[in-house]
Amino acid sequence: MDQAWWVVLAVLAWLAIGLVTAAVFVTRGGHRNLLWYLVGGLLGPIFVPIALERGRAGTRRVDVRSRPPSARGDGLRVLVGLDGSADSDRALRTAVRALGGTAGDLVLVAVTSPDLIDVEAAEEDRRARRMLDERVAALPAGLPAPSTEIVAGHPVDALLAVADARDVDLLVVGRAGHGLGERLLGSVAEELAHRSPRPVLLGGLPG
């Protein structure tokens, strides 16, 4: 009987180590395919060095549609991270309402999973493009024509990379979301706020 308990404990420890490693890999590394939990559960401790070696997902700009940047001094350069959720839409609306008269450049960014390939990746890119196009079409008149980017990778790394490339003054993201595979959840928004050298507005502005 004692031996059976040891076997049960060993199996539970194996699963726990693999699943915890997979959770860190998924939430912090940018590899958001839920099959990583299955891999972690099966491989257990063996998955730890694999996760360490794989590390964070690289950032890859998939679809960039840009307008010429405004000259410095012509208004704020604002980047808005969108994931298709009501929360990120609310952040976009409040930022546009508050900053519309002072925005020189507006950049809308969607982040997609780095784990998808071929047909699945193309389908997610199409969903992201459709989502961005719908948000652009709904913007009020009087704003600068926005640029849009679809970037594959870890959400924080992707948004920071675009912010650096475009030298924006402000990043805006929702505090929570779902939409395209839960891209901009609260933990990601908080990490962005801690890592960004630029001001970050979380969840829009009051009122």
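It should be noted that the structure appears before, not after, this text.
These remarks concern the structure in this document.

Parameters and conventions
- Residues numbered from 1 in each chain as written.
- Predicted model: local features only at pLDDT ≥ 70, side-chain atom pairs only at ≥ 80, totals over all residues.
- Heavy atoms only, no water.
- Helix = DSSP H or I, 4+ residues; strand = E, 2+ residues; numbered from the N terminus.
- Expected span 1.5 Å × (residues − 1).
- Buried < 20%, exposed > 50% of the residue type's maximum accessible area, 1.4 Å probe, protein only.
- Arc of directions from axis to C-beta.
- Contact = heavy atoms within 4.5 Å.
- Patch = residues over 30% accessible without salt bridge, like charges linked within 9 Å, V, L, I, M, F, W, Y side chains within 5 Å.
- Areas by Shrake-Rupley, 256 points an atom, 1.4 Å probe, with all protein chains shown as cover.
- Salt bridge = Lys/Arg side-chain N within 4 Å of Asp/Glu carboxyl O.
- Core = buried A, V, L, I, M, F, W, Y, C linked by side-chain atoms within 4.5 Å.
- Pairing = 2+ DSSP bridges.
- Axes fitted to C-alpha atoms, helices over the stretch in contact; angles between N-to-C directions.
- Right-handed = clockwise from strand over helix to strand, strands pointing away.

### What about helix 5 (residues 118-137)?
Next up, step 1: With 20 residues, helix 5 should cover 28 Å at 1.5 Å per step; its first-to-last C-alpha distance of 28 Å lies within 8% of that length.
Next up, step 2: For helix 5, the full list of buried residues reads Ala 121, Glu 124, Asp 125, Ala 128, Arg 129, Met 131, Leu 132 and Arg 135. Down the axis of helix 5, the buried side of the element spans an arc of 165°, and every buried residue falls inside it. When the buried face of helix 5 is taken as reference, the exposed residues oriented beyond 90 degrees from it are Val 119 and Ala 137.
Next up, step 3: The elements touched by buried residues of helix 5 are strand 1 (60-65), strand 2 (76-82), helix 4 (86-99), strand 3 (103-112) and strand 4 (147-152).

### Re a nonpolar patch on the surface
Next up, step 1: Side chains of Trp 5, Trp 6, Val 7, Val 8, Leu 9, Val 11, Leu 12, Trp 14, Leu 15, Leu 19 and Ile 46 sit close together on the surface and give an oily, nonpolar patch of about 1,100 Å² of accessible area.
Next up, step 2: The class for Trp 5 is exposed, based on a relative accessible area of 52%.

### Some points on the nonpolar core
Next up, step 1: In terms of nonpolar packing, the biggest core is built from 20 residues, with Val 80, Leu 108 and Val 172 touching the most fellow members.
Next up, step 2: Sorting the residues of this core by element identifies strand 2, helix 4, strand 3, helix 5 and strand 5 (170-173) as the ones contributing at least two each.
Next up, step 3: Element by element, the count of residues in this core is highest for helix 4, at five residues.
Next up, step 4: Residues contacting Val 172, with those up to four places away along its chain left out, are Val 78, Leu 79, Val 80, Gly 81, Ala 91, Ala 95 and Leu 201.
Next up, step 5: Counting residues in hydrophobic clusters, the runner-up holds 18 residues, among them Leu 79, Val 107, Val 109 and Val 162.

### Topic: the sheet that holds strand 1
Next up, step 1: Read from one edge to the other, the open sheet built from six strands follows the order 1-4-3-2-5-6, with strand pairing classed as mixed. Edge positions in the open sheet fall to strand 1 and strand 6 (200-202), since each of these has one partner strand only. Between one strand axis and the next, the sheet turns by 20° as a mean value, whatever way the strands run.
Next up, step 2: Here helix 5 sits on the sheet in contact with strand 1, strand 2, strand 3 and strand 4, set at roughly 155° to strand 3.

### Brief notes about helix 4
Next up, step 1: Under the 1.5 Å per step criterion, the end-to-end length of helix 4 is 20 Å for 14 residues, consistent within 8% with the ideal 20 Å.
Next up, step 2: Here the buried face of helix 4 lies against strand 2, strand 3, helix 5 and strand 5.

### As for the pattern of salt bridges
A side chain with one charge may pair with a side chain of the opposite charge, provided their charged atoms come close.
Next up, step 1: Here the structure, examined in full by the defined rule, presents 14 salt bridges.
Next up, step 2: One salt bridge connects Asp 105 with Arg 77, and the closest N-O pair in it is separated by 3.3 Å. Placement of Asp 105 in strand 3 and of Arg 77 in strand 2 is noted, with a sequence separation of 28 residues between them.
Next up, step 3: Judged by its relative accessible area of 7%, Asp 105 is buried.
Next up, step 4: Residue Arg 135 pairs with Glu 134 through a salt bridge whose shortest N-O separation is 3.2 Å.
Next up, step 5: On the basis of relative accessibility, which here comes to 15%, the residue Arg 135 falls in the buried class.
Next up, step 6: One network of salt bridges, in which partners are shared, links Asp 63, Arg 65, Arg 129 and Asp 133.

### Focus on the pairing of strand 4
Next up, step 1: Counting buried positions along strand 4 yields six of six residues, so the element is predominantly enclosed.
Next up, step 2: Of the two faces of strand 4, both are covered, the one formed by Ser 147, Glu 149 and Val 151 as well as the one formed by Thr 148, Ile 150 and Ala 152.
Next up, step 3: Here strand 1 pairs with strand 4 via five bridges, running antiparallel. Across the sheet, residue Arg 61 finds its bridge partner in strand 4, namely Val 151.
Next up, step 4: In terms of strand pairing, strand 3 meets strand 4 through six bridges, oriented parallel. Considered in strand 4, the bridge of Val 111 is made with Val 151.
Next up, step 5: What joins strand 3 to strand 4 is helix 5, and the crossover it makes is right-handed.

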